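# Structure assessment
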Amino acid sequence: MNNPLLLSITNPVKLLKPSTIPYGLNLNTTINKKQQQLTKTIVLNSNTRSRTTTTFTSSLSLVRRRNNNGGGVTGGFDETEVCRRDQGNAVLLCALGYWVQGSRCFPWLALNFHMSHCLHLKPSTLQLVQYTAILPMVAKPLYGVLSDVLYIDGARRVPYISIGVLLQGLAWGSLAIFPGSREALPSLLGLALLSNLGASVTEVAQDALVAEYGLRYQMNGLQSYALMASAVGGILGNLLGGYCLVKTPPRILFLAFTALLSLQLTVSLSSKEESFGLARIRETSLKKQFNDLMGVIQGDEVSQPLTWIIASIAMVPLLSGSVFCYQTQVLNLDPWVIGMSKVIGQLMLLCLTVVYDRYLKKTLPMRPLVHIVQLLYALSLLFDYILVKQINVTFGISNKAFVLCFSSVAEILAQFKILPFSVLLANMCPGGCEGSITSFLASALCLSSIVSGFAGVGMANAIGVTCNNYANLPAGILIQSLAAMLPLWFIHYVPMSENGFEREGKRGLSKRSRKNRRVGRVVGQEIFAYRRERDAEAQT
């Protein structure tokens, strides 16, 4: 028996001029009246016909999907098994990607020792090279917008991961194979810039994929697991890096990391993004995507926490290069000690991330948590003061033991402080803007780190810290600690909690929308509409 609704869609011409029904046939009259009603509802014009076709097709797909979930699978394969396999491929791609990116400390530890011991760079020059090399990461919003808008071979995440990994492999492979590339500072800096360009593209695509995947399957807080994978990579990278530097030259470490990048490239090239079950967003222009991004970040619910986290990093003039040169040139600490201190720090970061994911994000509001972490960070900077003044030796603690236990505490707390903000912004991403928003956060953090590093170089030169004179280094460390206290004065920019700030954001958005242009209001409202839509999908 033919379905009249299907007939009305496939043959609309007959419904526009239905035949006359003889009087007296009650059953046929009833049926044809229903057909006429369907005709008036469905076939009004070509636009309504296309909308009805789409709706009906979606309804059929929904019924078919529910029947399959309920056990009525009519196909010749198990869709649940296929879904599990595809999700496993996505997990492998992301876990391996974050693990490899966390292992980037492995070649960078070797590069820092190479610049310090082989090229004999001054502390300020070493730190200047370190922070100049991360300039490509400032352009992460551009990579994020491209990843959101521009599809490559039908995908918009996995191809960018492959491109970034390839660029990293070219950079580290050149440093390992060509001696002249690592002996001349300009070529070394150029390859370091190329490496960070590839790393930034890969990180943007991975962060967007994790955010989009979490929103698609209602998995809140996937960023915590990403940080765990990165911490595990940092543990192994620093452990192997510190051990290998004692026995092998830096070029061997560069070559080993190139081989690891080749493994990641193989996995990414063999992954099919369409199998992850992510929705294909309609293509749009770069200008519209940038306008949408600006509209999102103009709202108070995004701009206030973003302002705080950026300021809390940029306001602290870091002296990491000077402290590193002091540890290796004055205290003569082995690379193994430096590497093991990083390993212990990454273990601390892994434990903190697990505790946050299991307990802190559920029991402790975001603002008190960030307040405590920032205070601990300011105090942990004083560990370098204790080391430089040799107070630890007064209490019978050797320099090696002190560096192993306390040297990386401040660095780890600075990394952990970013996690709540990453989770907050990832949960607020509207559809199609995952790469833009996560990359904007990463870019802002990189820019603030560059400002902090350059300020540290300026302060080191101002107070007279050189490779032969570290007398004023303790004073610079005290200035660091005091500067880290300043962000506590405007801690009210950080939301008390994600849910509470969402309600506050709605009120703030309505006030701000009367002042700003329309695109900010529309995109800002889209955030909450999109979140309500995801919640409704989760309930069904």
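Here the structure is a predicted model, which is why all the values come from computation and not from measurement. (Residues numbered from 1 in each chain as written. Predicted model: local features only at pLDDT ≥ 70, side-chain atom pairs only at ≥ 80, totals over all residues. Heavy atoms only, no water.)

## Concerning the UniProt feature "transmembrane region" (unreviewed entry) in the protein chain
Heads up, the rule is: UniProt positions are given in the numbering used here, feature names are shortened, and annotations may be inferred rather than shown by experiment. Secondary structure elements follow DSSP: runs of H or I of four or more residues count as helices, runs of E of two or more count as strands, with numbering from the N terminus.
Feature annotation in UniProt assigns "transmembrane region" (unreviewed entry) to the following positions: residues 225-246, 252-270, 306-324, 336-356, 368-388, 400-425, 437-463 and 475-494. Across residues 336-356, the secondary structure splits into 100% helix and 0% strand, with the terminal C-alpha atoms separated by 30 Å. Between the end C-alpha atoms of residues 368-388 there is a gap of 32 Å, over a span that is 95% helix and 0% strand.

## Here we look at the packing of helix H12 (residues 222-247) against helix H22 (residues 409-427)
Basically, it comes down to this: In this analysis an axis means a line fitted to C-alpha atoms, helices contributing only their contacting stretch, and an angle means the value between N-to-C directions, from 0 to 180 degrees. Comment on the angle field: the value is read as roughly parallel under 35 degrees, roughly antiparallel over 145, roughly perpendicular from 65 to 115, and oblique elsewhere. For a crossing to be left-handed, the near helix must be turned anticlockwise from the far one by less than a right angle; the clockwise case is right-handed. It only takes one pair of heavy atoms within 4.5 Å for two residues to be counted as in contact. Polarity classes work like this: nonpolar for Ala, Val, Leu, Ile, Met, Phe, Trp, Tyr, Cys and Pro, charged for Asp, Glu, Lys and Arg, and polar for all others, with Gly in that last group.
Remark: H12 packs on H22, axes separated minimally by 9 Å, with the N-to-C direction vectors making an angle of 140°. Classified by the angle between their axes, H12 and H22 sit oblique to one another. Here the hand of the crossing between H12 and H22 comes out right-handed. Residues Gln223, Ser224 and Leu227 of H12 lie in contact with H22, whose contacting residues are Leu419, Ser422, Val423 and Ala426. When its residues are assigned to classes, the contact of H12 with H22 shows four nonpolar, three polar and no charged.

## Quick look at the packing of aromatic side chains
Selection rule: Put simply, two rings from Phe, Tyr or Trp (the six-membered ring, in Trp's case) pair if the centres are within 6.5 Å, and we call them stacked under 30 degrees between planes, edge-to-face over 60, tilted for the rest. When a residue's accessible area, from a 1.4 Å probe over protein chains only, is under 20% of the maximum for its type it is buried; when over 50% it is exposed; and in between it is partly exposed.
Taken as a whole and judged by the stated rule, the model has eleven aromatic pairs. For the ring pair Tyr356 and Phe416, a centre distance of 6.1 Å and an interplane angle of 85° mean the geometry is edge-to-face. Note that Tyr356 is positioned in helix H17 (residues 335-363) and Phe416 in helix H22, a separation of 60 residues in sequence. Per residue, the accessibility class of Tyr356 equals that of Phe416, and both read buried. A network of ring pairs unites the aromatic residues Trp108, Trp172, Phe254 and Phe257 as a single cluster.

## Considerations on a nonpolar patch on the surface
How we decide: Patches in this entry comprise residues that are over 30% relatively accessible and not in a salt bridge; like charges within 9 Å are linked, as are nonpolar side chains (Val, Leu, Ile, Met, Phe, Trp, Tyr) within 5 Å. Accessible areas in this description were obtained via Shrake-Rupley with a 1.4 Å probe; residue shielding takes into account the shown protein chains only. By definition, a salt bridge exists where a carboxyl oxygen of Asp or Glu is found within 4 Å of a side-chain nitrogen of Lys or Arg.
Together, Leu142, Leu286 and Phe290 line one region of the surface with nonpolar side chains, adding up to about 240 Å² of accessible area. Looking at the secondary structure, you find Leu142 in helix H8 (residues 140-149).

## Notes on the confidence of the model for the protein chain
Quick note on the threshold: Per residue, pLDDT captures the predictor's confidence, and it can take any value from 0 to 100.
Residue-level pLDDT values for the protein chain average 76, and 73% of them are 70 or greater. With pLDDT under 50 throughout, residues 1-80 is counted as low confidence; its partners more than four residues away or in other chains account for 34 contacts. Confidence drops under a pLDDT of 50 for residues 499-540, and excluding neighbours within four residues, the segment shows 55 contacts in the predicted structure.

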